[in-house]
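Take a look at the letters that make up each chain.
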Amino acid sequence: MKAAAIEHFFATLQAANPHPETELQFTNVFELLAAVLLSAQATDVSVNKATRALFARAPTPEKMLALGVGQVEQHIKTIGLFRTKAKNLVATCQILVEQHGGRVPNTREALEALPGVGRKTANVVLNVAFGEPTMAVDTHIFRVGNRTGLAPGKNVVEVEQQLLKRIPKAYMVDAHHWLILHGRYICQARQPRCAACQVSAWCDFKPKTSTI
DNA sequence: ATCCCGAGGG
DNA sequence: CCCTCTGGAT
């Protein structure tokens, strides 16, 4: 996709949704970190359903730590990968309490040192909590980047670098959410809704079968 | 490359 | 039934 097309692409998404936000529910930075950690290979709807009760009980790393792996497992049992996530979340809370004064660190290095927190999760926290123009490449952004021609890279790191390089800086912070929401509701994995897409004019993707 | 792992949709 | 969902650790 050429520079002029990229400008049109994001200007259109911006006009349709001037202030995009994550659909994960949270009331503080710790809850944001926990929600993103829990969201791996799970829908936001599924995560929100479980975190409502979990965060009511444990809105801080200290309280989450006190809850323990067993109780956390019971709260998030309806989310996939629940054993791994409960173990990682509690272990992360222990590090937050012991090494960061119970606060969520604001550097990539410290975030990625937390169990269950990788590049993508760190990028989301840096973007949403600290306003940094990072690009967290999840399943939606990878797919949308590839299909549109915005970022044809073969892996998430390549796609991240391409997006950071090609998206105009003024759009970067919000681009993360625009691309996710576009992937979730329009450029869907199974059945892309090209007929309803507002940015198809600048997209390289041509579906083989007719889409609704 | 493989494992983890429930819920929802087609 | 099969595929997908804001991945990370081994």
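The rules we used
- Residues numbered from 1 in each chain as written.
- Chains lettered and ligands numbered in written order.
- Predicted model: local features only at pLDDT ≥ 70, side-chain atom pairs only at ≥ 80, totals over all residues.
- Heavy atoms only, no water.
- UniProt positions renumbered as here; feature names shortened; annotations may be inferred.
- 1 Å grid on protein atoms, 1.4 Å probe; cavity = no way out; pocket = protein on both sides within 12 Å on 5 of 7 lines; lining within 4 Å.
- Helix = DSSP H or I, 4+ residues; strand = E, 2+ residues; numbered from the N terminus.
- Salt bridge = Lys/Arg side-chain N within 4 Å of Asp/Glu carboxyl O.
- Buried < 20%, exposed > 50% of the residue type's maximum accessible area, 1.4 Å probe, protein only.
- Near = heavy atom within 4 Å.
- Polar contact = N/O pair within 3.5 Å; in protein donor to acceptor, adjacent residues only side chain to side chain.
- Arc of directions from axis to C-beta.
- Contact = heavy atoms within 4.5 Å.

Under an unreviewed UniProt entry, the name given to chain A is Endonuclease III, and the source organism is Ideonella margarita. UniProt, in the comment section headed Sequence similarities (unreviewed entry), describes chain A in these words: "Belongs to the Nth/MutY family." The record in UniProt for chain A states the following under Catalytic activity (unreviewed entry): "2'-deoxyribonucleotide-(2'-deoxyribose 5'-phosphate)-2'-deoxyribonucleotide-DNA = a 3'-end 2'-deoxyribonucleotide-(2,3-dehydro-2,3-deoxyribose 5'-phosphate)-DNA + a 5'-end 5'-phospho-2'-deoxyribonucleoside-DNA + H(+)".

Chemist: Run through the UniProt feature "binding site: [4Fe-4S] cluster" (unreviewed entry) in chain A, naming residues and quoting values.
Modeler: On the UniProt side, "binding site: [4Fe-4S] cluster" (unreviewed entry) is annotated at positions that read Cys-187, Cys-194, Cys-197 and Cys-203 here. Of the residues just listed, which span 17 residues, no C-alpha pair is farther apart than 10.9 Å, and they cluster in one region. For the second largest pocket, the lining residues drawn from the annotated set are Cys-197. Within the element layout of this structure, Cys-194 appears in the segment after α10 (172–185). Along the chain, Cys-203 turns up in the segment after α10.

Chemist: Can you break down the pattern of salt bridges residue by residue, with the values?
Modeler: A full pass over the atoms with the stated rule returns five salt bridges. Close ionic contact of Glu-23 with Arg-184 constitutes a salt bridge, the shortest N to O distance being 2.4 Å. Residue Glu-23 is found in the loop between α1 (3–16) and α2 (29–38), and its partner Arg-184 is found in helix α10; the two are separated by 161 residues along the sequence. Of the residues examined, Arg-184 reaches a relative accessible area of 22% and is grouped as partly exposed. Taking the shortest distance from any N to any O, the salt bridge between Arg-119 and Glu-160 comes out at 2.7 Å. With Arg-119 in helix α7 (residues 119–128) and Glu-160 in helix α9 (residues 156–166), the pair connects residues that are 41 residues apart, well separated along the chain. Classification of Arg-119 by relative accessible area gives partly exposed; the value is 32%. Judged by its relative accessible area of 4%, Glu-160 falls in the buried class.

Chemist: Which residues make up the protein's contact with DNA strand C, and what values go with them?
Modeler: Taken together, 29 residues are adjacent to DNA strand C, and Asp-44, Thr-121, His-140, Arg-143 and Arg-190 come closest. Counting only the atoms of DNA strand C within 4 Å of the protein, the fraction contributed by sugar and phosphate is 64%. Here Gln-41 contributes a backbone N or O atom positioned 2.8 Å from a phosphate oxygen of DNA strand C. A distance of 3.2 Å separates a phosphate oxygen of DNA strand C from a polar side-chain atom of Arg-184.

Chemist: An account of α9 is needed here, citing residue identities and associated values.
Modeler: Of the positions making up α9, those classed as buried are Val-159, Glu-160, Gln-162 and Leu-163. Taken end-on, α9 shows its buried residues confined to a sector of 165 degrees, consistent with a single buried face. Those residues of α9 that are buried are in contact with α7, α8 (139–148) and α10. The backbone nitrogen of Val-157 lies 3.1 Å from a side-chain oxygen of the residue at the head of α9, namely Asn-155.

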